[in-house]
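# Summary of structural features
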Amino acid sequence: MTMERLRVYVETSVISYLTARPGRDVVVAGRQVSTRAWWERAQHEQQLVTSDEVLREAAHGDPEAARARLAALAPLPCLNINDDVRGLAEVYRRALALPDRAAADAVHLALASIHHVDAIASWNCCHIASAQVQRMVSTVNQRLGLPVPYLATPEMLLGEETADDP
């Protein structure tokens, strides 16, 4: 029996780690390695999607880096931002007391929920891939009858084969 491919929303932080020059900080370098390993597998084993919000965020900053980010995102289908997404994003934003600068994080969460995505790949462990956010999204979505996306880092989405690696 074959399982249906996991549908994963790729958030901006993942693309940033994927395309950035190798980091000198050990944590950053480790995240880059994990992201690249996940990306290589995920392109074949998972159904990756993104959004116009990610494309907008990826286009900012250094022009060369922005081109690399946008090139990596180019093959991915984009989820639509509609009134349902905007409304749910505002519910999340209030529930998490997100500052204005983090409003896009609520949009990412809402996009995944409204479009019935299985998981969000993110290195934003403050406003997206965290237990607190997972609990809030679960509570809100269950109340609204929406599926609950799994909020995960690329490392978490790599799968069990790497779970015991040192």
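Summarised in this report is the structure supplied together with it. Every value quoted in this text rests on a predicted model; they were computed, and no experiment measured them.

### Quick word on the packing of helix α1 (residues 12–19) against helix α2 (residues 26–45)
The interhelical angle for the contact between α1 and α2, taken along N-to-C directions, is 100 degrees, at an axis separation of 8 Å. In this view, α1 runs roughly perpendicular relative to α2, as classed from their interaxial angle. Counted together, V14, I15, Y17 and L18 of α1 and V28, R31, Q32, T35, R36, W38 and W39 of α2 form the full contact between these two elements. A class-by-class count of the residues in the contact of α1 with α2 yields 7 nonpolar, 2 polar and 2 charged.

### Observations concerning the packing of aromatic side chains
Two numbers describe a pair of aromatic rings. These are the distance of the centres and the angle of the planes. By the definition in use, this model includes 2 aromatic pairs. Measuring from centroid to centroid gives 5.8 Å for Y17 and W123, while their planes differ by 55 degrees, and the two rings are tilted. Linking Y17 in helix α1 with W123 in the loop between β4 (119–121) and α7 (131–144), this pair joins segments that are 106 residues apart in sequence. Take Y17 and W123: they sit in the same class, and that class is buried.

### Comments concerning the sheet that holds strand β5 (residues 150–152)
Strand order in this open sheet of 5 strands is β3-β2-β1-β4-β5, and the pairing throughout is parallel. Two strands bound the open sheet, and with one partner strand each, they are β3 (78–79) and β5. One ladder, built from 4 bridges, connects strand β1 (residues 6–10) with strand β2 (residues 46–51); its direction is parallel. Residue Y9 lies in a different strand from β2, and its bridge partner there is V49.

About the cut-offs
Residues numbered from 1 in each chain as written. Predicted model: local features only at pLDDT ≥ 70, side-chain atom pairs only at ≥ 80, totals over all residues. Heavy atoms only, no water. Axes fitted to C-alpha atoms, helices over the stretch in contact; angles between N-to-C directions. Helix = DSSP H or I, 4+ residues; strand = E, 2+ residues; numbered from the N terminus. Parallel < 35°, antiparallel > 145°, perpendicular 65-115°, else oblique. Contact = heavy atoms within 4.5 Å. Nonpolar A, V, L, I, M, F, W, Y, C, P; charged D, E, K, R; others polar. Phe/Tyr/Trp six-rings, centres within 6.5 Å; stacked < 30°, edge-to-face > 60°. Buried < 20%, exposed > 50% of the residue type's maximum accessible area, 1.4 Å probe, protein only. Pairing = 2+ DSSP bridges.

Any functional reading would require information beyond the geometric quantities listed.
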